[in-house]
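An overview of the molecular structure
Listed below are the residues making up each chain.
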Amino acid sequence: MKEHVTDRRGGAVWALVITSIAGFMAALDNLVVTTALPSIREDLGGALHDLEWTVSAYTLTFAVLLMFGAALGDRFGRRRLFGVGLTVFTLASAAAALAPGIDALIAARAVQGVGAAIMMPLTLTLLTAAVPPAKRGMAYGIWGAVNGLAVASGPLIGGSLTEHVSWQWIFWLNVPLGLALLPLARLRLTESYGTGARLDVAGTLLASGGLFGIVYGLIRGPIDGWTSATVLTGLIAGGALLGGFVHHGIRNKAPMLPMRLFRSRAFSGINAASLLMFLGMFGSIFLLSQYMQGVLGYSPTEAGLRMLPWTGMPMIVAPLAGYLSDRIGGRPVVAAGLALQAVGLAWFAIVVTPDVPYATQLPALIVSGIGMALYFAPAANLVMSSVRPAEQGVASGANNALREVGGALGVAVMASIFAAKGGYGSGREFVDGLQPALWVGAGMVALGAVASLFIPGRRAAREQTAAAETEQKDLVAV
């Protein structure tokens, strides 16, 4: 069945507004909670592992259900499923704001991730259906800029709301936006369908169970002991289920993530780099936002503002990164960006003390921010150009999912290192845990820089793509 569109009822401008705001909401909730963590801990109680789950419950469900959510939209109607995802996300945001305890907050965050996983991948497909081909580049650019703004402003918005209203308002913020978008989506978006391919329920269950087991084991390891039955069961069972997911992706006729895509050096390289980048970045932001408030004594707003040279730098540097990518290719730009991000984290690990002045922190934050910007600008193009046009939807979904997986793993891994070496007892104790965690984060991002070097150069990539297209035509002819 070919993709088809029904009942054109809205224009490109409405589609751009609706999908951009929805994307902003989903992207914002990745980082908006980070500067609120100390206030949440003070208000609801909970230990380090509970704070980890307030972040990871969202990123994990978002990651493992993202490709399944896109497939649901293709099969049952993208506008319809977009509305379902938006409804779930909005209701879960209200539940998070009303959470009476830390466990209820974690559960609401997990449901938020489910809603975001259904809603987020459909924003691009709905936008594509509404915008004429000649104007899609501009529309994608605006959509991407709005999502970038969400990532950049997440810690600042979270800190400002926490300080001047209450931490609950980082979740209440989504409710009026969601309630406003629901009727607009119904009235102004065009319904469209995909190929109607079978849903890969088995693959989704294998990936979900495997990642949950590993993240659970990593989070509980410092508490229960790395040789305890619960931790070993989580790690071993999780690894086995992920192995089953890989086998399923090789053997199944229509898997959620076809493993044959990883035969491409370009696809494997950029996805390995993305996973490692988010592993180091998310884990570092999780700890540094608490360090700035709990150890250095900044208010939530001050902490958010002081992180802007890192999280906000892509808004300034991205145009230059895009220009460089067009001139010299995406591989050297991504590799340089990841190397700078690793240098920035290592720099912070060197200078961090219980009373380090902000002027001493600033160079590390700026270098990290420039590195992040150089990575983000060409990464999407490298993902899309690494596969045939017919596979670009799957490739984009896989890359986004692996980024979120990297974020969840980063929080779990780096918080485990922090707990093993330090704690919340004093500023000195916090720094004793933070320093080795930052070194590991820097190492992970440096490995990402190495992985990006395996991406073929522009000439090799063109030859590889041409060969793949020839092979596909020969198969069709047969």
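Keep in mind that what you see is a predicted model, and the values were worked out from it rather than measured.

**So, the overall build of the protein**
A count of helical and extended segments in the protein gives 19 helices and two strands. For the protein, the C-alpha radius of gyration of 22 Å lies close to 23 Å, the compact-globule estimate for 478 residues. Across its three principal axes, the protein shows a C-alpha extent of roughly 70 × 50 × 50 Å. Residues counted as buried form 54% of the 478 residues belonging to the protein. Restricting to contacts in the protein with at least 6 residues of sequence separation, those with at least 24 account for 84%. As displayed, the protein offers around 19200 Å² of accessible surface, 67% of which is attributable to carbon and sulfur atoms.

**Quick notes on the nonpolar core**
Ranked by size, the top nonpolar core spans 100 residues in total, and within it Leu105, Phe286, Tyr291 and Trp310 carry the most contacts. The element best represented in this core is helix H11 (residues 265–294), accounting for 15 residues. Contact partners of tyrosine 291, with chain neighbours within four places excluded, come to Leu296, Phe348, Val352, Thr353, Val356, Phe430, Val431 and Leu434. If you look at the next biggest cluster of nonpolar residues, it comprises 30 residues, including Leu81, Leu127, Ala130 and Ala185.

**Brief notes about the environment of leucine 86**
Here leucine 86 lies in helix H4 (residues 78–97). In this structure leucine 86 comes out as buried when scored by relative accessible area, which is 0%. In this structure leucine 86 touches Met25, Met119, Gly178, Leu181 and Leu182, once residues within four positions along its chain are discounted.

**Brief notes about the pattern of salt bridges**
Tallying each qualifying case throughout the model produces four salt bridges. One salt bridge connects aspartate 224 with arginine 220, and the closest N-O pair in it is separated by 3.0 Å. With aspartate 224 and arginine 220 both in helix H9 (residues 201–224) and four residues apart, this pair spans about one turn of that helix. Measuring nitrogen to oxygen at the nearest pair gives 3.3 Å for the salt bridge that ties aspartate 432 to arginine 428. Taken together, the positions of aspartate 432 and arginine 428, both in helix H18 (residues 427–452) and four residues apart, correspond to about one turn of that helix. With relative accessibility at 34%, the residue aspartate 432 sits in the partly exposed group.

**Concerning the packing of aromatic side chains**
What the rule picks out here adds up to eleven aromatic pairs. Ring centres of phenylalanine 262 and phenylalanine 267 lie 4.9 Å apart, and the angle between their planes is 70°; this geometry places the pair in the edge-to-face category. The partly exposed category is assigned to phenylalanine 262, whose relative accessible area is 28%. Connected via pairs of aromatic rings, a cluster forms that spans Tyr291, Phe348, Phe418, Tyr424 and Phe430.

**Overview of the side chain of threonine 19**
Relative to the helices and strands, threonine 19 resides in helix H1 (residues 12–31). Side-chain polar atoms of threonine 19 contact the backbone oxygen of alanine 15, separated by 2.7 Å. Once residues within four sequence positions are removed from consideration, threonine 19 is found in contact with Thr123, Leu126, Leu127 and Trp143.

**Quick look at helix H16 (residues 358–385)**
In this model H16 runs 41 Å from its N-terminal to its C-terminal C-alpha over 28 residues, within 8% of the 40 Å that 1.5 Å per residue would give. Along H16, the sharpest change in direction is near 35° and occurs at alanine 379.

**Let's talk about the environment of asparagine 252**
In this structure, asparagine 252 sits in the loop between helix H10 (229–251) and H11. The spatial distance from the C-alpha of asparagine 252 to the C-alpha of valine 450 is 31 Å, given a sequence separation of 198 residues.

**Remarks on the packing of H11 against H16**
In contact at an axis separation of 12 Å, H11 and H16 are set at 150° when each is read in the N-to-C sense. Relative to H16, the element H11 lies roughly antiparallel. Relative to H16, H11 is oriented so that their crossing is left-handed. Facing H11, whose interface residues are Ile270, Ser274, Met277, Phe278, Met281 and Met292, H16 presents Gln361, Leu365, Met372, Tyr375, Phe376, Ala379, Leu382 and Val383. By residue class, the composition of the contact of H11 with H16 is twelve nonpolar, two polar and no charged.

About the cut-offs
Residues numbered from 1 in each chain as written. Predicted model: local features only at pLDDT ≥ 70, side-chain atom pairs only at ≥ 80, totals over all residues. Heavy atoms only, no water. Helix = DSSP H or I, 4+ residues; strand = E, 2+ residues; numbered from the N terminus. Rg over C-alpha atoms; globule rule 2.2 N^0.38 Å. Buried < 20%, exposed > 50% of the residue type's maximum accessible area, 1.4 Å probe, protein only. Contact = heavy atoms within 4.5 Å. Areas by Shrake-Rupley, 256 points an atom, 1.4 Å probe, with all protein chains shown as cover. Core = buried A, V, L, I, M, F, W, Y, C linked by side-chain atoms within 4.5 Å. Salt bridge = Lys/Arg side-chain N within 4 Å of Asp/Glu carboxyl O. Phe/Tyr/Trp six-rings, centres within 6.5 Å; stacked < 30°, edge-to-face > 60°. Polar contact = N/O pair within 3.5 Å; in protein donor to acceptor, adjacent residues only side chain to side chain. Expected span 1.5 Å × (residues − 1). Bend = angle between axes of the 7 residues up to and from the residue. Axes fitted to C-alpha atoms, helices over the stretch in contact; angles between N-to-C directions. Parallel < 35°, antiparallel > 145°, perpendicular 65-115°, else oblique. Left-handed = near helix turned anticlockwise from the far one by under 90°. Nonpolar A, V, L, I, M, F, W, Y, C, P; charged D, E, K, R; others polar.

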